[in-house]
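# Fold and contact review
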Amino acid sequence: MSPQPSTPAASAAQAESAAPSTATGPSAGDIRPEDEHLSPGRTIGYGVQHILAMFGGVIAVPLIVGGAAGLDVGQKALLVACALFVSGAATILQTIGVPYFGSKLPLVQGISFAAVSTMLSIIGNNGEAGLQTVFGAVIVASAIGLIIAPFFARIVRFFPSVVTGSIITVIGLSLMPVAGRWVTGSDPTAEGFASADKIGLALFTFAVVLVLSKIRALSRLAVLLGLAIGTVFALLMGQADFDAVGSASVFAFPQPFAFGMPIFEIGAIVSMTIVILVIMVETTADVLAVGEVVGTKVNSRRVGDGLRADMVSSLIAPVFNSFPATAFAQNVGLVALTGIKSRFAVAAGGGLLVILGLSPMAAAVFSVIPSPVLGGAGIVLFGSVAASGVRTLSKVDYTGNNNMIIVASSLAFGLIPVVSPQFWHAFPDWFVTIFDSGISSAAIVAVVLNLFFNVWLPGTPSTPSNLAAAPAMRVQTEELRVLKSGGSLDEHSYEPDTAPVEHGTRARKAGPGES
């Protein structure tokens, strides 16, 4: 994953990655799969498909952050427009690329969910001043990420699946209260708090998303279509107001630093730097994954170019009132599903995002989606993030080691700010800013414990902790069959927990004379 640049092979790989095409052009055998040029119609069509697959996730982040900062509808529309603009520009940079920036792979860039919990913690009750602090933290943390990008291959080993899975799970779980507040409202004393109308609208949207997820042709658009259908239903029920859309301008270039100049605070910067490291791990995994799907060569130089594109996009994002950008994993899945490997199709989608970002009126449409509709879709959206983390944790080996303790401790620390928001408030402000973010807490604990158990003191303990020694709780199909047929399970019936679940059984068949 990180070949030494001094070797001839690595130097040749770097030269091949960096060298421009000759005047006569590459031969047919030299054309990479991702460099395929489709017809204009297919290029735009597949670009739209990529944008639709990630659109719900892109607009959710500015709506969450804007709500936490107490912004009005117009200001939230500005955040949405800027998020679209930055996501589109970042996608074009990542796919088309310039020297040293961009992996030139079919990767869609969007505003990262990984930073949401930390940004909400930084904002607190400070309103727009908190938003300015977020922008300052993102600028410095992204600059740090840009500096370490060439060396990140040496750092990524400290983020194995046991670490990243724990962090991603916490990201999803820590966002669930946001979905709940979208549905019920934030003030328990307000009129209509948690009213039947609001909960009914949220459950309707939730049901629409679930039904659409079952339809193969629409499953990847389930969240976006769920938001649209839920909003139309709310409009018919008198629970939506589109007056702000008519007053928005059709075209406007995003105003730099529209919310004021960034504020730099050390606690916020430290917390955001942790998030940036997590984002870099995600991007590294996505670059490697899409390279495998496309069937193209990915070396350390290409990973570094992808990371630099990520970081420079995140560095510039606050200038245009937006947040850290990263590769969207669901679009990697879309490449595998469609078989369309052209990076130019994805770049076309990025261009469409830029155009949408230049239209405050288009952004205003999304900013007036009723909160209960957002909450209904958010239950699925945020839950899927947590489920993705659980899926990553399912690949971790828990046998004869202390990985179970790493997961347990990091999840617990990550959820402390969610279940007990005042837990750390007796500590200094900089400390509170870091540990009030579930993501920062989970990341710090997971990384430190992984270093302690798996790096500094590696090896398999002869008698692992009783917390880690318990077997996995699972019932296999073969066990059910044996019991149903009158067989028995005894101490000799169980295979080691390291055996693959899908290959083999822990049960033995009924022996002679057994009934």
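Remember, predicted model here, so these are calculated numbers, not experimental data.

Further remarks concern the overall build of the chain. When its secondary structure is counted, the chain shows 21 helices and two strands. Of the contacts made within the chain by residues no fewer than 6 positions apart, 82% connect residues no fewer than 24 positions apart. Of the roughly 23200 Å² that the chain leaves accessible, carbon and sulfur atoms contribute 65%.

Below, the discussion takes up the environment of Ala 69. When you line up the elements, Ala 69 lands in the loop between helix 2 (40–68) and helix 3 (73–96). A relative accessible area of 8% means that Ala 69 is categorised as buried. Considering only alpha carbons, one finds Ala 69 and Leu 131, 62 residues apart in sequence, at a separation of 6.6 Å. Setting aside anything within four residues of it in sequence, one finds Ala 69 in contact with Ile 123, Gly 127 and Glu 128.

With that settled, the discussion passes to the packing of helix 3 against helix 12 (residues 300–316). Packing of helix 3 against helix 12 leaves a shortest axis separation of 10 Å and a crossing angle of 160 degrees. The orientation of helix 3 with respect to helix 12, classified from their angle, is roughly antiparallel. Judged by the twist between their axes, the crossing of helix 3 over helix 12 is right-handed. In this structure, helix 3 uses Val 86, Ala 90, Leu 93 and Gln 94 to contact helix 12, whose residues at the interface are Asp 305, Gly 306, Ala 309, Asp 310, Val 312 and Ser 313.

The periodicity of an α-helix, 3.6 residues per turn, causes residues three or four positions apart to be oriented the same way. Compared with an ideal rise of 1.5 Å per residue, which puts 24 residues at 34 Å, helix 7 (residues 161–184) spans 35 Å between its outermost C-alpha atoms and is within 8% of the ideal. Just beyond helix 7, the residue with positive phi is Gly 185, at close to 100 degrees.

Taking 1.5 Å per residue, 29 residues should reach 42 Å; helix 2 reaches 41 Å between its end C-alpha atoms and fits that length. Taking the largest bend as the criterion, helix 2 deviates by roughly 50 degrees, centred on Met 54. One or two residues past the end of helix 2 sits Gly 70, with phi positive at roughly 75 degrees.

Turning our eyes to something else, we now look at the confidence of the model for the chain. In this model, the chain carries a mean pLDDT of 83, and residues with pLDDT of at least 70 account for 85%. Taken element by element, the predicted model of the chain shows its lowest mean pLDDT in helix 1 (residues 8–18) (40) and its highest in helix 5 (residues 127–148) (96). Across residues 1–28 the pLDDT falls below 50, and counting only partners more than four positions away or on other chains, this stretch makes 24 contacts in the model.

Bringing the packing of helix 11 (residues 266–294) against helix 12 into the picture now. Where helix 11 meets helix 12, the closest approach of the two axes is 10 Å, and the angle between their N-to-C directions is 135 degrees. Of the possible angle classes, the one that applies to helix 11 and helix 12 is oblique. Classified by chirality, the crossing of helix 12 by helix 11 is right-handed. Along the contact surface, helix 11 presents Ile 276, Ile 279, Met 280, Thr 283, Thr 284, Val 287 and Leu 288, while helix 12 presents Val 303, Gly 306, Leu 307, Asp 310 and Met 311. For the contact of helix 11 with helix 12, a count of residues per class yields eight nonpolar, three polar and one charged.

On to unusual backbone geometry. For Lys 104, which is not glycine, the phi dihedral falls at a positive 55 degrees. With respect to the helices and strands, the residue Lys 104 is situated in the loop between helix 3 and strand 1 (109–111). A relative accessible area of 29% means that Lys 104 is categorised as partly exposed. Of note in the backbone geometry, Ala 194 takes a positive phi value of approximately 55 degrees without being a glycine. You can see Ala 194 is positioned in the loop between helix 7 and helix 8 (196–214).

The rules behind these values
- The residue numbering used here restarts from 1 in each chain and proceeds along that chain's sequence as written.
- Reporting of local features is limited, given that this is a predicted model, to residues whose pLDDT is at least 70; pairs of side-chain atoms are given and counted only at 80 or more, and all residues count toward the totals for whole chains, interfaces and linings.
- As a rule here, side-chain values cover all heavy atoms of the structure and leave hydrogens and water aside.
- For the purposes of this entry, the term helix denotes a DSSP run of H or I that reaches at least four residues, the term strand denotes a run of E that reaches at least two, and both are numbered from the N terminus.
- In what follows, a contact means two residues having at least one pair of non-hydrogen atoms within 4.5 Å.
- Residue burial considers only the protein chains on display, and all accessible areas are found by Shrake-Rupley using a 1.4 Å probe.
- Burial classes follow relative accessibility: with a 1.4 Å probe on protein chains only, a residue under 20% of its type's maximum area counts as buried, one over 50% as exposed, and anything between as partly exposed.
- For helices, the fitted line uses only the C-alpha atoms of the stretch in contact; every axis is such a line through C-alpha atoms, and the angle between N-to-C directions lies from 0 to 180 degrees.
- Roughly parallel covers angles under 35 degrees, roughly antiparallel covers those over 145, roughly perpendicular covers 65 to 115, and oblique covers all other angles.
- Crossing handedness is read from the near helix: turned anticlockwise from the far helix by less than a right angle, it gives a left-handed crossing, and turned clockwise, a right-handed one.
- The span one expects for a helix is its residue count, reduced by one, times 1.5 Å.
- In this scheme, the bend at a residue equals the angle between the axes fitted to the seven residues that finish there and the seven that begin there.
- Each residue gets a pLDDT score, which is the predictor's confidence in that residue and runs from 0 to 100.
- In this classification, the charged set is Asp, Glu, Lys and Arg, the nonpolar set is Ala, Val, Leu, Ile, Met, Phe, Trp, Tyr, Cys and Pro, and all remaining amino acids, among them Gly, are polar.

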